[in-house]
Amino acid sequence: MQFELSHVEKIYTSSEENKVFGARDVSINIHEGDFLALVGPSGSGKTTILNLIAGLILPSSGSLKHGGKDITSLTLEERTKHRLDYMGFVFQDYQLLPILTAWENIEFPLQLKGFSKTEIKERVDWALNQVGLNKMGNRFPKQLSGGQQQRVSIARAIAGRPQLILADEPTANLDSKTAQEIIELFLKLNKDFNLTFIFSTHDQRLIDQVRTVLYVKDGQISEARTHHV
Ligand SMILES: Nc1ncnc2c1ncn2[C@@H]1O[C@H](COP(=O)(O)OP(=O)(O)OP(=O)(O)O)[C@@H](O)[C@H]1O
Ligand SMILES: [Mg+2]
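Caption draft 1: Region of interest: the overall build of the chain. When its secondary structure is counted, the chain shows 7 helices and 10 strands. For the chain, the C-alpha radius of gyration of 18 Å lies close to 17 Å, the compact-globule estimate for 229 residues. Dimensions of the chain, computed from C-alpha atoms along their principal axes, come out at roughly 50 × 40 × 35 Å. A burial count over the chain gives 37% of its 229 residues as buried. Summarising the internal contacts of the chain: among those between residues at least 6 apart in sequence, 69% fall at separations of at least 24.

Structure, rendered in structure tokens:
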């Protein structure tokens, strides 16, 4: 199912006189199996665009659809459920719960989704295996390296078998070798499961490995480059 932003504008109004364009006239079609990078300077609108796709913020104008369904007309509760059903998230700072083990961090959103105990176990083990951490499920986040923590957060994101993974600067806290490994893991998951990715990055070294790069400037997609990796 396709995610579609059409002529989306997002204006942040902190006060009547103070209006900031987070996104202007942004149109993006995300198809199943896409691997997209949003690239642009600080403040250009990358996080805004990801939050719009996630339905975490609503457009000031323009349309936001998933599989033809208008996301902007859903209630807050419906949007939350929609996100849980279809999307997985990876963050710059991993956002693992420190009091839960790696295994329990992955289990948590599956419980929210109402899976049975047997299915949860099967999915958590599968996800840990995909990220190469099947022996580390019992460790707490502080007992893992940054790269390992990010792998746990990727396992958490994929365990619910979402249609789309959104990642805001997923490698920004990692050294270049680990950053490279995380992108390779994304590429593997994209290839093996046709899983769709959109992520933002500042990291020039990673950009050449990405099939489609959307350059963001002043809230606009200024250029899209597609090449074969
Ligand atoms: N909640 C908000 N209220 C007001 N202005 C905002 C808000 N969030 C973002 N902005 C503004 O919108 C513009 C785009 O911000 P955004 O966070 O999307 O950029 P970014 O490309 O993700 O930057 P960075 O690389 O630093 O993360 C900036 O001018 C920013 O100041
Ligand atoms: Mg950002």
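Caption draft 2: Representation of the sheet that holds strand S3 (residues 35-39). Strand order in the open sheet made by the 6 strands is S6-S7-S8-S3-S9-S10, with mixed pairing throughout. Unpaired on one side and paired on the other, strand S6 (87-91) and strand S10 (220-226) mark the two borders of the sheet. The average undirected angle you get between the axes of adjacent strands in this sheet is 20°.

Caption draft 3: View of the site of ligand 1. Near ligand 1, the surroundings consist of Tyr12, Ser14, Val20, Gly22, Gly40, Ser42, Gly43, Ser44, Gly45, Lys46, Thr47 and Thr48. For the shell around ligand 1, the secondary-structure elements that each account for two or more residues are strand S2 (19-30) and helix H1 (46-54). When residues in the shell around ligand 1 are grouped by element, the largest group, 3 residues, is from H1. Its residues assigned to classes, the shell around ligand 1 comprises 2 nonpolar, 9 polar and 1 charged.

Caption draft 4: A look at the environment of Gly43. Note that Gly43 resides in the loop between S3 and H1. The exposure class of Gly43 is partly exposed, given the 13 C-beta atoms found within 10 Å. Separated by 12 residues in sequence, Gly43 and Gly55 place their C-alpha atoms 20 Å apart.

Caption draft 5: Structural detail: the packing of helix H5 (residues 146-159) against helix H6 (residues 176-193). The interhelical angle for the contact between H5 and H6, taken along N-to-C directions, is 20°, at an axis separation of 10 Å. Taken together, H5 and H6 sit at an angle that is classed as roughly parallel. Both H5 and H6 take part in a crossing whose hand is right-handed. Across the interface between the two elements, Gly146, Gly147, Gln150, Arg151, Ile154 and Ile158 of H5 pack against Thr178, Glu181, Ile182, Leu185 and Leu189 of H6.

Caption draft 6: Main features of the nonpolar core. Counting residues in hydrophobic clusters, the biggest one holds 57 residues, and the most contacted among them are Ile53, Ile106, Ala155, Leu166 and Ile198. Leaving out residues up to four positions away in the same chain, Ile53 has contacts with Phe3, Leu5, Leu166 and Ile198.

Caption draft 7: Focus on the sheet that holds strand S5 (residues 69-70). Spatially, the 4 strands line up as an open sheet ordered S2-S1-S4-S5, and their pairing is antiparallel. Every other strand in the sheet has two partners, leaving S2 and S5 as the edge strands with one partner each. Sheet analysis places strand S1 (residues 3-13) next to strand S4 (residues 61-66), joined by 5 bridges and oriented antiparallel. The partner of Leu5 across the bridge, within S4, is Leu64. Strand contacts of H1: S1, S2 and S4, with the helix running at about 120° to S1, the strand carrying the most contacts.

Caption draft 8: How the structure looks around helix H4 (residues 117-130). The first and last C-alpha atoms of H4 sit 20 Å apart over 14 residues, in line with the 20 Å expected at 1.5 Å per residue. Along H4, the positions that sit buried rather than exposed are Arg123, Val124, Ala127 and Leu128. Buried residues of H4, seen end-on, are gathered within an arc of 130° and therefore sit on one face of the element. Facing away from the buried side of H4 by more than 90 degrees, the exposed set consists of Thr118, Glu119 and Asn129. Of the residues flanking the end of H4, it is Gly132, one or two places downstream, whose phi is positive at about 75°.

Caption draft 9: Expanded view of the pairing of S2. Looking at chain direction, S1 and S2 are connected through 8 bridges and run antiparallel. Looking at the pairing, Phe3 lines up with Ile30 of S2. In sequence, S1 turns back onto S2 through a hairpin of 5 residues.

Caption draft 10: Highlighting H1. The buried count for H1 comes to 7 of 9 residues, which makes it a mostly enclosed element. Along H1, the residues classified as buried are Lys46, Thr48, Ile49, Leu50, Leu52, Ile53 and Ala54. Positioned one or two residues after H1, Gly55 has a phi angle of 75°, which is positive.

Definitions and limits used
- Residues numbered from 1 in each chain as written.
- Chains lettered and ligands numbered in written order.
- Predicted model: local features only at pLDDT ≥ 70, side-chain atom pairs only at ≥ 80, totals over all residues.
- Helix = DSSP H or I, 4+ residues; strand = E, 2+ residues; numbered from the N terminus.
- Rg over C-alpha atoms; globule rule 2.2 N^0.38 Å.
- Buried ≥ 20, exposed ≤ 12 C-beta atoms within 10 Å, placed from the backbone.
- Contact = placed C-beta atoms within 7 Å.
- Pairing = 2+ DSSP bridges.
- Axes fitted to C-alpha atoms, helices over the stretch in contact; angles between N-to-C directions.
- Near = placed C-beta within 6 Å.
- Nonpolar A, V, L, I, M, F, W, Y, C, P; charged D, E, K, R; others polar.
- Parallel < 35°, antiparallel > 145°, perpendicular 65-115°, else oblique.
- Left-handed = near helix turned anticlockwise from the far one by under 90°.
- Core = buried A, V, L, I, M, F, W, Y, C linked by C-beta atoms within 7 Å.
- Expected span 1.5 Å × (residues − 1).
- Arc of directions from axis to C-beta.

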